[in-house]
Each structure stands twice: as C-alpha cells, then as structure tokens.
Amino acid sequence: MVGAGRLSGSTAIVTGASAGIGEAIAKTFAREGAAVAIASRNLPEAKRVGAEIEAAGGAALVLQADVTRSQDVDGMVKAVLDRWGTVDILVNGVGGWQRLAPVTDIAEEEWDRIITLNLKSAFLCVRAVARIMMEKNKGRIINLASQSGSGPNPGTNSNIPYACAKAGLIALTKHLAKQLGPYGITVNTVSPGTTLTARVKNVWDAATIEKKASANPLRCLVDAQDTADAVLFLASDGSRHITGVNLNVNAGSAII
C-alpha cells in the first residue's frame, strides 16, 4: 500500500518503464509517494504497470511515447503538466542493445539506432524538462547507463555502439550536473552490471547464472530492485548534495 514516503508530493517521469529495471523504478517511486508517468512504446505493458501501481494505491499516468522523437517527448511532458502541473524527477531509463559483434560487422544503421535509443533519447527528455525544473530551482535527473559505459567486456567482442552510447550518457550527466547545479538540479547516473531481469532469466540457464554470479566479489548478480533502490536514493532528499556521479550497482564486478 502506498503511503507517505521519501518522494511524497513529487511528480516523476520514468521512460522505459514497461518492463525490467524501468518497471521496478516506477513501482518503487509510487510506493514512496510519487505520482509516476510511465512512458513506453509498449502501451499494453505500460498499462499493466500503471494498473498495478493504481491497484496498490499509487498515482500513475500511462503514456505511449517514442522518446527518440522530439515530438513524442514534447507531448509526453505536456501530458504530465496537464495532469499534475510540474515535473520534479526525470529518470531516463530507455535503452537497449542488439548484439555482440566486432567493429567490422557493425552496420552504420545499427550504430545510429543504438546511439539514438540510448543517448539521444536522454538528451531530448532532459531538454524538455530542464526549463521546468530551472524555473522552480529544484529537480532530480537520473540517467541509466551501464557498466559497459566505463570499460569493455572481458571477451573479445563487445556491445560497441551500446557501450559508446552509455559512455556518452555518463559524460552528458557530468556536463548537465555542472550546468544545472546552480538551479538546484542534481544530475546523476546509475550504471547496473549484469541484471537478473526476466529477459536474462529466459536466455541463461541456472548454470550460466551461477557461473556469472560466482565471478563477482559478492558472489551474486544484481536484480532490478537493486538498481531501483539506488535510483530512489538519488531522487530523494537524502542525496541533495550529490551530483555528477556515476553510481555502479554491480555486486563488485567492475572493481579494478
């Protein structure tokens, strides 16, 4: 049941909130008292998430939006303003990758698609909400990057376009933190490691999961809620003096 929480009275937009980490963030925010706009291209799944939030006593607004398109982003923000009058928190959770491949096998179209999905989408969303937050001298922006944005995978092949997009997202975070800080807006990144989402569980068998988990210092893999809890902290007043950081949530897998 939703009650007074760390985000009580706040309005949040969470993109990519119809599944996985984005869904966990949206539900966590709602449990902590935020009114949550669930933005996704997958309308049926976004409606499911919204219905589950409302069934638990939370406030949800379901929006079908392709946040790689500026007109969709502008429409998304307008819908939130029409419903709740402001935007306090933005979580850029949209992202994804296609495959592991050597650079010689990556088509230009694949590069453009992955960079647009993971990096341009965040830029468009920040641009759309920044002035709203600047006018009230308060706001929280959290970008979801990836461990791969800080270094290559152990194997020969990597998700090269995805890794480059996430590295760009980490850089975007730092520049935004400096530019928007004077307006009371914090901007941070959360970088999950390999996460036990439903997709991963469908692809890997138990033995593979155990092997991956045993390679981490904490002998486990993180799940979507681990990242959601980190995002919640960065969205709450407890992190009011934290900005421009990249918070790794990966059970120690990126320790160098």
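Residues numbered from 1 in each chain as written. Predicted model: local features only at pLDDT ≥ 70, side-chain atom pairs only at ≥ 80, totals over all residues. Heavy atoms only, no water.

Enquirer: Tell me about the side chain of N92, and name the residues and values.
Expert: As for its placement among the helices and strands, N92 is situated in strand β4 (residues 89-92). Since its relative accessible area comes to 4%, N92 is described here as buried. Every residue in contact with N92, bar those within four places of it in the chain, is listed here: T15, S121, A122, C125, V126, I141, I142, N143 and L144. (Helix = DSSP H or I, 4+ residues; strand = E, 2+ residues; numbered from the N terminus. Buried < 20%, exposed > 50% of the residue type's maximum accessible area, 1.4 Å probe, protein only. Contact = heavy atoms within 4.5 Å.)

Enquirer: Pulling in residues and values, what's your account of the packing of aromatic side chains?
Expert: Overall, the coordinates contain zero aromatic pairs when judged by the stated rule. Above the face of the W84 ring, R83 is positioned so that its terminal group lies 5.8 Å from the ring centre. (Phe/Tyr/Trp six-rings, centres within 6.5 Å; stacked < 30°, edge-to-face > 60°. Lys NZ or Arg CZ within 6 Å of the ring centre and 35° of its normal.)

Enquirer: I'd love a proper account of the packing of helix α1 (residues 20-31) against helix α2 (residues 43-55), names of residues and values included.
Expert: The geometry of α1 relative to α2 is characterised by a closest axis approach of 10 Å and an angle of 20° between their N-to-C directions. Considered as vectors, α1 and α2 are oriented roughly parallel to each other. Handedness of the α1/α2 crossing: right-handed. Where α1 abuts α2, its residues E23, A26, K27 and A30 lie against R48, V49, E52 and I53. For the contact of α1 with α2, the residue count by class is four nonpolar, no polar and four charged. (Axes fitted to C-alpha atoms, helices over the stretch in contact; angles between N-to-C directions. Parallel < 35°, antiparallel > 145°, perpendicular 65-115°, else oblique. Left-handed = near helix turned anticlockwise from the far one by under 90°. Nonpolar A, V, L, I, M, F, W, Y, C, P; charged D, E, K, R; others polar.)

Enquirer: Describe the sheet that holds strand β1 (residues 11-15), naming the residues involved and giving the relevant values.
Expert: Each strand in a sheet pairs with its neighbour through backbone hydrogen bonds, running either in the same direction (parallel) or in the opposite one (antiparallel). As summarised here, the arrangement of the seven strands in space is β3-β2-β1-β4-β5-β6-β7, forming an open sheet in which the pairing is parallel. Two strands in the sheet have a free side with no partner beyond their single neighbour: β3 (59-64) and β7 (246-249). Taking each pair of neighbouring strands and ignoring which way they run, the sheet shows an average axis angle of 20°. Bridging between strand β5 (residues 139-144) and strand β6 (residues 185-192) involves six bridges; their strand directions are parallel. Within β6, the residue paired with R140 across the bridge is T186. (Pairing = 2+ DSSP bridges.)

On their own, these measurements won't tell you what the molecule is for.
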